[in-house]
Amino acid sequence: MESDCRISVKSVVFYMLLWSWLCLRVYCAPGLSKASTSMMEAMATPCWQVEEFVVSAECFQCNTFQQKLWRECSSTGYVEKINCTKSNKDEYKSCRSIQMEEHLFWKFEGTMMALTLLFAFLVVLRQRALDRLASEKVRKQIESL
């Protein structure tokens, strides 16, 4: 009977680890790519960080070539073209698009619904196991009379 409890605890621990991994994939993936910086990035400060700028092209998605070539595309996959007013330079700045935000929202909602169903199923299984143990205990008590 104790082995049933151990199996349940092991499966709960497994599902908790799985849930943690999914949460990390959903929430930390954009942050992980931003965390890696190089000395070259520190030396070359973009003009939009030190002076005023005007957005000349709204946020658009980078193609696969741009994502590999431009460091601005690598973090979010979207960039906007800006023009720095003082130096009159055209540069690209990483941005977050509405479509990407909506996609991440629905991805989160789907993950939460799947986890809800999974844990509801686990609760039902655990309750059945506990009910079975309780009825067996009652049966043994009745037999001993």
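Definitions and limits used
- Residues numbered from 1 in each chain as written.
- Predicted model: local features only at pLDDT ≥ 70, side-chain atom pairs only at ≥ 80, totals over all residues.
- Heavy atoms only, no water.
- Buried < 20%, exposed > 50% of the residue type's maximum accessible area, 1.4 Å probe, protein only.
- Helix = DSSP H or I, 4+ residues; strand = E, 2+ residues; numbered from the N terminus.
- Pairing = 2+ DSSP bridges.
- Polar contact = N/O pair within 3.5 Å; in protein donor to acceptor, adjacent residues only side chain to side chain.
- Contact = heavy atoms within 4.5 Å.
- Disulfide = S-S within 2.5 Å.
- Lys, Arg positive; Asp, Glu negative; His and termini not counted.
- Salt bridge = Lys/Arg side-chain N within 4 Å of Asp/Glu carboxyl O.
- Patch = residues over 30% accessible without salt bridge, like charges linked within 9 Å, V, L, I, M, F, W, Y side chains within 5 Å.
- Areas by Shrake-Rupley, 256 points an atom, 1.4 Å probe, with all protein chains shown as cover.

Caption draft 1: Region of interest: the pairing of strand β2 (residues 78-84). Burial of β2 is extensive: 5 of the 7 residues sit out of reach of the surface. The pairing of strand β1 (residues 53-61) with β2 spans 6 bridges and is antiparallel. When the bridges of β2 are listed, Phe53 appears paired with Cys84. Two strands pair when backbone bridges link them, and β2 and strand β3 (residues 90-94) are joined in this way by 5 bridges, in the antiparallel orientation. If you follow Lys81 over to β3, its bridge partner there is Tyr92.

Caption draft 2: Layout of unusual backbone geometry. Here Asn88, not a glycine, exhibits a phi torsion of approximately 60°, which is positive. By the secondary structure assignment, Asn88 is in the loop between β2 and β3. In this structure Asn88 comes out as exposed when scored by relative accessible area, which is 58%.

Caption draft 3: View of the side chain of Thr76. Mapping Thr76 onto the fold places it in helix α5 (residues 71-76). Side-chain polar atoms of Thr76 contact the backbone oxygen of Cys95, separated by 2.8 Å. With near-sequence residues (within four places) excluded, Thr76 lies in contact with Ser94, Cys95, Arg96 and Met100.

Caption draft 4: The state of the cysteines, seen in detail. Summed over the entire model, instances satisfying the criterion amount to 2 disulfides. Here Cys59 engages in a disulfide with Cys95; their sulfurs sit 1.9 Å apart. An S-S torsion of about 95° defines the bridge between Cys59 and Cys95 as right-handed. Separated by 36 residues along the polypeptide, Cys59 in strand β1 and Cys95 in the loop between β3 and α6 (98-144) bring together distant segments of the chain. Assessed through its relative accessible area of 27%, Cys59 is described here as partly exposed. Cys95 gets classed as buried once you look at its relative accessible area, which sits at 10%.

Caption draft 5: The arrangement of the side chain of Lys93 in detail. Counting through the fold element by element, Lys93 comes out in strand β3. Although buried, Lys93 forms no salt bridge, and the nearest oppositely charged side chain, Glu80, lies 4.0 Å from it. Sequence-distant contacts of Lys93, defined by excluding residues within four places in its chain, comprise Trp48, Phe53, Glu72, Tyr78, Val79, Glu80 and Ile82.

Caption draft 6: Here's a closer look at the environment of Cys59. Through-space distance from the C-alpha of Cys59 to that of Ile98 is 9.1 Å; in sequence the pair is 39 residues apart. Not counting residues within four places of it along the chain, the set of residues in contact with Cys59 comprises Tyr78, Val79, Glu80, Cys95, Arg96 and Ser97.

Caption draft 7: A nonpolar patch on the surface, seen in detail. A surface patch of nonpolar side chains, amounting to about 280 Å² of accessible area, comprises Val9, Val13 and Leu17. In this structure, Val9 sits in helix α1 (residues 2-35). On the accessibility criterion, Val9 (52% relative accessible area) is exposed.

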